[in-house]
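Notes for the structure review
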Amino acid sequence: MDIGVISVRYARALLKSATEQQVDDAVYQEMQLLAKSYVDVPQLRQTIDNPMLTKDSKEELLLTAVGGSPTPLTRAFLQLVLKEDRESVMQFIANSYVTLYRQQKNIIRGRLITAARVTPATEQKMRQMVESKTNGTVEFETEVNPDIVGGFILEYDTYRMDASVKAKLNNILNTLKK
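1. Digging into the overall build of the protein chain
- Counting secondary structure elements, the protein chain contains 8 helices and 4 strands.
- Ordered by position in the sequence, the α and β elements of the protein chain form the string α-α-α-α-α-α-β-α-β-β-β-α.
- Principal-axis analysis of the C-alpha atoms gives the protein chain an extent of 65 × 35 × 30 Å.
- For the protein chain, the proportion of its 178 residues judged to be buried stands at 38%.
- Contacts in the protein chain between residues far apart in sequence, at least 24 positions, make up 67% of those at least 6 positions apart.
- Surface summary for the protein chain: the accessible area is close to 10700 Å², and the carbon and sulfur share equals 53%.
- Counting 23 positive and 22 negative side-chain charges, the protein chain places the averaged centre of each group 7 Å from the other.

Next comes the structure, spelled out in structure tokens:
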């Protein structure tokens, strides 16, 4: 069976249980942390995939990766995944849960890139603008990148608005080359 199909089925079942138990927000935070742990610590995947490591050791590693003291549902879910020998797709399950949760809650990821740090008020204005255009909640991430010289780059969903000085200078340069 396909890894994507397996991971989505497990994630969908976890989301359904989490929603019924009203812990879907907490499980969302834990699955985000687990997915981030896999990215930040590449050895985690290799270790979890190691057949020589006991299930108890793998469980301890996964519990640590979700923050150490997860919800009872997450703990039981990790035990189920290990019991069913599906730990090799745990990273995909975590990512699938995050995606399904965002779809269910109409959450859009947004990113604001600026040359210098922006005030919380400016960040809030940008968030509100995106939320009004998308009719959803925005998880906003800000990033400082001095290479854009000035202005900003706003990304959300499939939209990208590049109002950076660097982009404008490049446009002028390309016009002059023609």
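2. Some thoughts on the nonpolar core
- The biggest cluster of nonpolar side chains holds 32 residues, and the ones touching the most others in it are Met31, Leu34, Leu62, Met90, Ile93 and Tyr97.
- The set of elements that each furnish at least two residues to this core consists of helix H1 (3-20), helix H2 (24-40), helix H3 (42-49), helix H4 (55-65), helix H5 (72-83) and helix H6 (90-105).
- Broken down by element, the residue count for this core peaks at 7 residues, all from H6.
- Once you skip the residues sitting within four places of it in the chain, Met90 turns out to touch Met31, Leu34, Tyr38, Leu62, Phe77, Leu78 and Val81.
- Core analysis: the second largest hydrophobic core is formed by 8 residues, Ile108, Leu112, Met126 and Phe140 among them.

3. Observations regarding H4
- By the burial criterion, the buried members of H4 are Lys58, Glu59, Leu62, Leu63 and Ala65. Buried positions in H4, seen along its axis, are confined to an arc of 160° and lie on one side of it. Turned more than 90 degrees from where H4 packs its buried face, Asp56 and Thr64 sit exposed.
- Residues of H4 that are buried make contact with H2, H3, H5 and H6.
- Gly67, located one to two residues past H4, shows a positive phi value of around 115°.

4. So, the layout of surface pockets
- Roughly 190 Å³ of volume is contained in the largest pocket.
- Forming the walls of the largest pocket are Gln32, Ala35, Lys36, Val39, Asn95, Val98, Arg102 and Arg109.
- Put simply, the parts of the chain that give the lining of the largest pocket at least two residues each are H2 and H6.
- A total of 4 residues in the lining of the largest pocket trace back to one element, the largest contributor, which is H2.
- Its residues assigned to classes, the lining of the largest pocket comprises 3 nonpolar, 2 polar and 3 charged.

Calculation rules
Residues numbered from 1 in each chain as written. Predicted model: local features only at pLDDT ≥ 70, side-chain atom pairs only at ≥ 80, totals over all residues. Heavy atoms only, no water. Helix = DSSP H or I, 4+ residues; strand = E, 2+ residues; numbered from the N terminus. Buried < 20%, exposed > 50% of the residue type's maximum accessible area, 1.4 Å probe, protein only. Contact = heavy atoms within 4.5 Å. Areas by Shrake-Rupley, 256 points an atom, 1.4 Å probe, with all protein chains shown as cover. Lys, Arg positive; Asp, Glu negative; His and termini not counted. Charge placed at Lys NZ, Arg CZ, Asp CG, Glu CD. Core = buried A, V, L, I, M, F, W, Y, C linked by side-chain atoms within 4.5 Å. Arc of directions from axis to C-beta. 1 Å grid on protein atoms, 1.4 Å probe; cavity = no way out; pocket = protein on both sides within 12 Å on 5 of 7 lines; lining within 4 Å. Points joined across faces, edges and corners; volume = space filled by probe spheres on them. Nonpolar A, V, L, I, M, F, W, Y, C, P; charged D, E, K, R; others polar.

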